[in-house]
Structures are given as C-alpha cells and as structure tokens.
Amino acid sequence: MNIAIVIPARQGSKSLKNKNLKLLNNVPLAEYTFKSIHQIKILKFVLTNDSKIKKIARRYGINCDYKRPESVSNDKSSLVDTLINFDIWQQKKNKYNIDAFLILQVTSPLRVKSDIMGAKNYFEKNNFESLFSVSESMEHPYETINILNKEEWKYNLSKAKKFYRRQDYDINSYFINGAIYIVKLSFLRKHKKIISKNHGIYLMKKTNSIDIDDREDLAIASKILKN
C-alpha cells in the first residue's frame, strides 16, 4: 500500500494567533512534526498557505508544491475539506499513485516517529479503511460536571452518582487525541469522511498526546520536553 504523509498547517489560528509557528522551547511548533518524519522514507506533503511554514518544511525534504487555496484555509474549513481539495490536486498531477493519507496535525509536537510507524504498520496489517490515535483519558467522564449556575451543578453522565472510586468505574475511558489519522482514499472519495466502520484504534502514551490549543498547553508541553 502506498501511504503518503500529509500535514495540514494553515496560516493563522483563532485560539492562539499564528499557533503553528509559536515557539516551543525556541523551536516553531510545526517543526516538531517535520523533525519526527524526517527519517521516514515515504511521500510527505505539507498542506499550507503559509510561506514561513513551507520554508521550514523544505529543510526537512517535505513536498511543498500544493498551494492550499483560501477556500479551505479559513476558520470554517474542515480537515475533510482540505484533504479532498489536496486529493483532487494530487490526482491531477497523476504521478504519486497514493492509496491512503496518514494525517499529522502540527499541534501534536510530542508525537514521535515510533507512534507514527506503529500506527502505519497496524493500519496496513489489519487492512483498515481508517484509523485514529487515542490516549487514556486524563479526566474520566464520570468525574466531569456541568455547572448550571453559581449554585447548581449536575454530573454530565447520570450513572456517575453511583461511583465514588475510580477503580469501581464500569467503563474505560479514552479520548481521540488528534495526533494521527489514516484513511484510504477509496473511502474518503466515496464517503467524504475519515472515519469508517472498518476502523482501527491506535493507543498512544498520555505524554505523547498533548494537543496545543492555547498558551497553557504550550507551557505543559515545554515542561514535558525539558524533563
């Protein structure tokens, strides 16, 4: 199977201005993803409308030929919209012969090469149509509440009131960490989705799974890297 790595990294961000280029321990955020795939010998593409991100990507041998249009580079653009637009472009080139996209978002700087290759190998071995990475939840859903006002709250899950100790919980909890997605192009083209019924789940360590959304996330990632 011919799997290509694709890295969506649009210019700007609503939650944190120019997030993909924010410095994390003096290194631009996007560069951590580029470094992690530098030794992986498969096709690699960055999907960006940011010339600064392209400049960094080129240093790591990543293909920057795709010009991400503004129509899939705004706050309302979905990941699927971007992948479909890129797929149309690469088909027109008629030279890559790609069967699946392995999608790496640059907001996961602690994801490492072994995470990526482990997910790729698991996907291929089981002939899944799609896959995403997950991690064990830091907060169990039985421990989450909805604050209705200053004096009123309720559990988000009604069964939570039955439990007082985590070891007694009757469900295991994991979250989709956004670090790795893989999807076959035959499925993406037909269904315009990246999650199928024939879907794989790849478990990652909590420490590799932080997703950068704000300054607090940057601070946490910085401390993990220093340690």
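Now for a quick tour of the structure.

What counts as what
- Residues numbered from 1 in each chain as written.
- Predicted model: local features only at pLDDT ≥ 70, side-chain atom pairs only at ≥ 80, totals over all residues.
- Heavy atoms only, no water.
- Helix = DSSP H or I, 4+ residues; strand = E, 2+ residues; numbered from the N terminus.
- Expected span 1.5 Å × (residues − 1).
- Buried < 20%, exposed > 50% of the residue type's maximum accessible area, 1.4 Å probe, protein only.
- Arc of directions from axis to C-beta.
- Contact = heavy atoms within 4.5 Å.
- Polar contact = N/O pair within 3.5 Å; in protein donor to acceptor, adjacent residues only side chain to side chain.
- Core = buried A, V, L, I, M, F, W, Y, C linked by side-chain atoms within 4.5 Å.

**Thoughts on unusual backbone geometry**
- Look at Asn 25: it is not a glycine, yet its phi comes out positive at around 55°.
- Structurally, Asn 25 is set in the loop between strand S2 (23-24) and strand S3 (27-28).

**Thoughts on helix H6 (residues 215-226)**
- With twelve residues, H6 extends 17 Å between its outermost C-alpha atoms, agreeing within 8% with the 16 Å of an ideal straight helix rising 1.5 Å per residue.
- Taken residue by residue, H6 has Asp 217, Leu 218, Ala 221 and Ser 222 as its buried positions. For H6, the arc enclosing every buried residue in end-on projection is 140°, short of the 170-degree limit, so these residues lie on one face. Opposite the buried face of H6, at more than 90 degrees from it, the exposed residues are Glu 216, Lys 223 and Lys 226.
- Those residues of H6 hidden inside the fold are in contact with S2.
- Of the residues flanking the start of H6, the one acting as N-cap is Asp 214, its side-chain oxygen 3.2 Å from the backbone nitrogen of Glu 216.

**Section: the nonpolar core**
- Judged by nonpolar contacts, the single largest core of 29 residues is most densely connected at Ile 7, Phe 34 and Ile 180.
- Going through the elements one at a time, strand S1 (3-8), helix H1 (29-36), helix H2 (51-59), strand S5 (100-103), helix H4 (113-126) and strand S9 (174-184) are the ones with two or more residues in this core.
- If you look at the next biggest cluster of nonpolar residues, it comprises 23 residues, including Ala 4, Val 72, Val 80 and Tyr 181.

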